[in-house]
Amino acid sequence: MNLAIRFDKLGTETAFAVAEEARAIARTGMKVYPFHLGDIDIKTPAHIIEAAVRAMNEGKTGYCSNYGVQELREALVGEINRSHGTAYAAENVAIQPGGKPVIQKYLLSLMNPGDGVLYPNPGYPIYESLIGFYGGKPIPYTYRETSDGFHLDLEKLEASIEPGTRFLIFNNYHNPTGAEAGPEELQALSELVLRHDLSVLCDEAYFDVRYEGQSTSLASFPGMIDRCVILYTFSKKFAMTGWRLGAAVGPRTVIDAIAKLNVNDESCSNHFVQYAGLHALQSSQEPSRELLTILRARRDLSHGLLSVIPGVRCSLPNTTFYLFPNVTGLMERLGFSDYEPFRRAVLQATGVSFCSRIHFGTPLPGERERYIRLSYSGINLDSIAEGLRRLWEFTESRRSRAPGSGG
Ligand code: PLP
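Residues numbered from 1 in each chain as written. Predicted model: local features only at pLDDT ≥ 70, side-chain atom pairs only at ≥ 80, totals over all residues. Heavy atoms only, no water.

Novice: For the packing of aromatic side chains, give the residues involved together with the corresponding values.
Specialist: Across all of its chains, the model carries 16 aromatic pairs by this definition. Seen from their ring centres, Y232 and F234 are 5.3 Å apart, and the 80° between their planes marks the pair as edge-to-face. Residue Y232 is classed as buried on the basis of its relative accessible area of 7%. Look at F342 and F354: their rings are 6.0 Å apart centre to centre, the planes differ by 45°, and that puts the pair in the tilted class. (Phe/Tyr/Trp six-rings, centres within 6.5 Å; stacked < 30°, edge-to-face > 60°. Buried < 20%, exposed > 50% of the residue type's maximum accessible area, 1.4 Å probe, protein only.)

Here you go:
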């Protein structure tokens, strides 16, 4: 069978290939240190699992509304209105099987062929993939590395806007850099959005994965509520990645369009899982706080051990569960000019598995700095310590062989 022509334009998460290589190494009997995973190795809290079982026993096993069950829509807007200072109604919510489907349904609902879409690069690779797949024009924007982490380069972003640029995908609390825009940057961004008459997909997958202070949404700024669709997910905050539960929150016209796509696609999100989500929102938030405490300890340990490796420069993000160290000096020192030989050499010699910048969008012309991404959501403290010690030993043992020895 021949695949449809449009398939040439569909990208993927190339990080899955990294996971496959890591599994192959594990099959040889070598211990793998899984810093490549974007998943959480901590089980969903028991009371949420019990709520799903209860819902099944109560007969929540048939189809339900394509918009999602009403109780969950109401509880979710309650939660979002509290954290965002907004006044959404339940009609502004379409429940989804995960946060990810919001990306494609947003683009399918609003984007016409040839429309320009600003998207973060490096960034979640699905943006670039789906913009191209549905016939839009992907326009990358990037983040600047500074002494206090990564920041939006608003000037460059604005300069890349062309006639026909209609959309912005904005992932505050950013995968992979951990960047966050504070209130001043958000204010400036909201003004830019108004100036250029853009619509925004606010990917808030990590809005609640925050170690200090409070998150702020672009949707909370004047004039934004009519222009933003929020991607909400239960995946990270409640350790529910495999349950597939999320939502699109935004103006009714888009929400109705997205709900119509739901009918044509999955009919409805899993019925009893929505009651588990409802329970997650309405019961004690202590398990989510405990999850953050665990993640924070992993972040601090990983950051401390990476920062002592010569040639590595790593900022300490306050959100997400990723570190995005600059390894330009290290790769040079070890004689590697390309990412993949470096990543594979480390994996094969040490079992330490990570993604690199190339797994987060097509590298931009003129990029000279090199970055890798370490996720600490799927690896415990002992393995972090052991794995990063092995990484340090590897870099020390190869020191004398560089330059030109790496391939
Ligand atoms: N957006 C970003 C930036 C992500 O990193 C992820 C998952 O890793 C998602 C969206 C989608 O997550 P989910 O579909 O599990 O809600």
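Novice: Give me the packing of helix 4 (residues 100–110) against helix 8 (residues 252–264): which residues, what numbers.
Specialist: Where helix 4 contacts helix 8, the two axes come as close as 9 Å, and the packing angle between them is 110°. In this view, helix 4 runs roughly perpendicular relative to helix 8, as classed from their interaxial angle. The hand of the helix 4/helix 8 crossing is right-handed. Between helix 4 and helix 8, the contacting residues are K105, Y106, L108, S109 and L110 on the first element and V254, A257, I258, L261 and N262 on the second. In terms of residue class, the contact of helix 4 with helix 8 is made up of 7 nonpolar, 2 polar and 1 charged. (Axes fitted to C-alpha atoms, helices over the stretch in contact; angles between N-to-C directions. Helix = DSSP H or I, 4+ residues; strand = E, 2+ residues; numbered from the N terminus. Parallel < 35°, antiparallel > 145°, perpendicular 65-115°, else oblique. Left-handed = near helix turned anticlockwise from the far one by under 90°. Contact = heavy atoms within 4.5 Å. Nonpolar A, V, L, I, M, F, W, Y, C, P; charged D, E, K, R; others polar.)

Novice: Explain the sheet that holds strand 3 (residues 116–120) to me, using residue names and the numbers behind them.
Specialist: Taken in spatial order, the 7 strands line up as 2-10-9-8-7-3-4 in an open sheet, and their pairing is mixed. Unpaired on one side and paired on the other, strand 2 (93–96) and strand 4 (137–141) mark the two borders of the sheet. Between one strand axis and the next, the sheet turns by 20° as a mean value, whatever way the strands run. By the bridge criterion, 5 bridges tie strand 3 to strand 4 in an arrangement that is parallel. Within the sheet, the bridge partner assigned to V117 lies in strand 4 and is P138. Sheet strands touched by helix 3 (residues 70–84): strand 2, strand 9 (228–233) and strand 10 (246–249). Its angle to strand 2, the strand with the most contacts, is close to 110°. (Pairing = 2+ DSSP bridges.)

Novice: Account for the site of the ligand, naming residues and giving values.
Specialist: Around the ligand, the surrounding shell holds 14 residues, and the nearest of these are D203, Y206, T233, S235 and R244. At 2.7 Å, a side-chain N or O of Y206 approaches an oxygen atom of the ligand. Its free accessible area being 400 Å², the ligand has 93% of it covered by the protein chains. (Near = heavy atom within 4 Å. Polar contact = N/O pair within 3.5 Å; in protein donor to acceptor, adjacent residues only side chain to side chain. Areas by Shrake-Rupley, 256 points an atom, 1.4 Å probe, with all protein chains shown as cover.)

Novice: Help me get a handle on the environment of I131, residues and values and all.
Specialist: Its location among the elements puts I131 in helix 5 (residues 125–133). When the C-alpha atoms of I131 and E180 are compared, they prove to be 23 Å apart, with 49 residues separating the residues in sequence. Once residues lying within four places of it in the same chain are set aside, the contact partners of I131 are L107, M111, V117, Y119, G136, K137, P138 and I169.

Novice: Please set out the sheet that holds strand 11 (residues 322–323) residue by residue, giving values where relevant.
Specialist: Strand order in the open sheet formed by 3 strands is 11-14-13, and the pairing between neighbours is antiparallel. Two strands bound the open sheet, and with one partner strand each, they are strand 11 and strand 13 (355–356). Across 2 bridges, strand 13 lies against strand 14 (residues 372–375) in antiparallel orientation. Bridged to S356 within strand 14 is I372.

Novice: Give me the lowdown on the environment of F394, citing residues and values where you can.
Specialist: Inspection of the secondary structure puts F394 in helix 13 (residues 381–398). Those residues in contact with F394, other than ones at most four positions away along the chain, are L334, A345, V346, A349 and T350.

Novice: Account for helix 8, with residues named and values stated.
Specialist: For an α-helix, the turn length of 3.6 residues means that residues three or four places apart are oriented alike. Helix length check: helix 8 (13 residues) gives 18 Å between terminal C-alpha atoms against 18 Å at 1.5 Å per residue, within 8%. When helix 8 is considered as a whole, its buried residues turn out to be V254, I255, I258, A259 and N262. Buried positions in helix 8, seen along its axis, are confined to an arc of 135° and lie on one side of it. Projecting away from the buried face of helix 8 at angles above 90 degrees are the exposed residues T253, K260 and N264. Among the structural elements, strand 2, helix 4, strand 9 and strand 10 are those in contact with the buried residues of helix 8. (Expected span 1.5 Å × (residues − 1). Arc of directions from axis to C-beta.)

Novice: Could you give an account of unusual backbone geometry, with specific residues and numbers?
Specialist: Residue P122 is reached from N121 by a cis peptide bond, and omega for that bond is 10°. Note on placement: P122 falls in the loop between strand 3 and helix 5. Its identity as a non-glycine residue notwithstanding, D197 has a phi of 55°, on the positive side. The residue D197 is located in the loop between helix 7 (183–195) and strand 8 (199–203) in this model. Although it is not a glycine, R244 sits at a positive phi angle of roughly 65°. Relative to the assigned elements, R244 resides in the loop between strand 9 and strand 10. Exposure remark for R244: the relative accessible area of 33% places this residue in the partly exposed category.

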